[in-house]
Amino acid sequence: MSSSEQMIRIDKFYQAIKTLKADVICSVNNDMQNESDFNKVEWITGENSNGTAITTTTNPHAELTWTKVKEEMDKLWAII
């Protein structure tokens, strides 16, 4: 796997997230190939008094499951 393939997958992940729920903010620090990777996403849930992001790896968005996100990612791959 090349780093460019990894970057494309991460880009597709962000596009899929925005398609499913436009106002979600998250951070990905690894590849996005499977549910294990999805479970490592840092979901930004707010900010503290210093302006630092408050994050969790517990997905706070019930409508964003790995299955739904992967389905959207696959649709985006079909466009390439």
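Residues numbered from 1 in each chain as written. Predicted model: local features only at pLDDT ≥ 70, side-chain atom pairs only at ≥ 80, totals over all residues. Heavy atoms only, no water.

1. Brief notes about the overall build of the protein
Note the cut-off: Working definition: helices are DSSP H or I runs of at least four residues, strands are E runs of at least two. Numbering for both runs from the N terminus. Restricting the calculation to C-alpha atoms gives the radius of gyration, and the globule rule supplies 2.2 Å times the number of residues raised to the power 0.38.
Summing up its helical and strand segments, the protein has three helices and three strands in all. Walking the protein from its N terminus toward its C terminus, one meets helices and strands in the order α-β-α-β-β-α. Since a compact globule built from 80 residues should have a radius of gyration of about 12 Å, the 13 Å found for the protein is in line with a globular shape. Dimensions along the principal axes, computed over C-alpha positions, put the protein at roughly 40 × 25 × 20 Å.

2. Side note on the sheet that holds strand S1 (residues 26-27)
The following threshold applies: Should DSSP find at least two bridges between two strands, the strands are taken to pair.
Across the sheet, three strands lie side by side as S1-S2-S3; this open sheet has antiparallel pairing. Two strands lie at the open edges of the sheet, namely S1 and strand S3 (53-56), each paired on one side alone. Bridge analysis of strand S2 (residues 42-47) against S3 gives four bridges, and the strand direction is antiparallel. Paired with Glu47 across the strands is Ala53, a residue of S3.

3. Thoughts on the side chain of Glu72
As a reminder, the rule being used: Note on contacts: a residue pair qualifies if any of its non-hydrogen atoms lie within 4.5 Å across the two residues.
By the secondary structure assignment, Glu72 is in helix H3 (residues 66-79). Among residues more than four places away in sequence, those in contact with Glu72 are Ala16, Thr19 and Leu20.

4. Topic: the packing of aromatic side chains
Note the cut-off: Under the pairing criterion, centres of Phe, Tyr and Trp rings, with the six-membered ring standing for Trp, must be within 6.5 Å; the plane angle then separates stacked pairs below 30 degrees from edge-to-face pairs above 60, leaving the rest tilted. A ring is considered to have a charge above it if a Lys NZ or an Arg CZ atom is located within 6 Å of its centre and within 35 degrees of its normal.
Tallying each qualifying case throughout the model produces four aromatic pairs. Put simply, the rings of Phe13, Tyr14, Phe38, Trp43 and Trp66 pair up and form one aromatic cluster. For the cation-ring pair, Lys12 lies above Trp77, with the distance from its terminal atom to the ring centre recorded as 6.0 Å.

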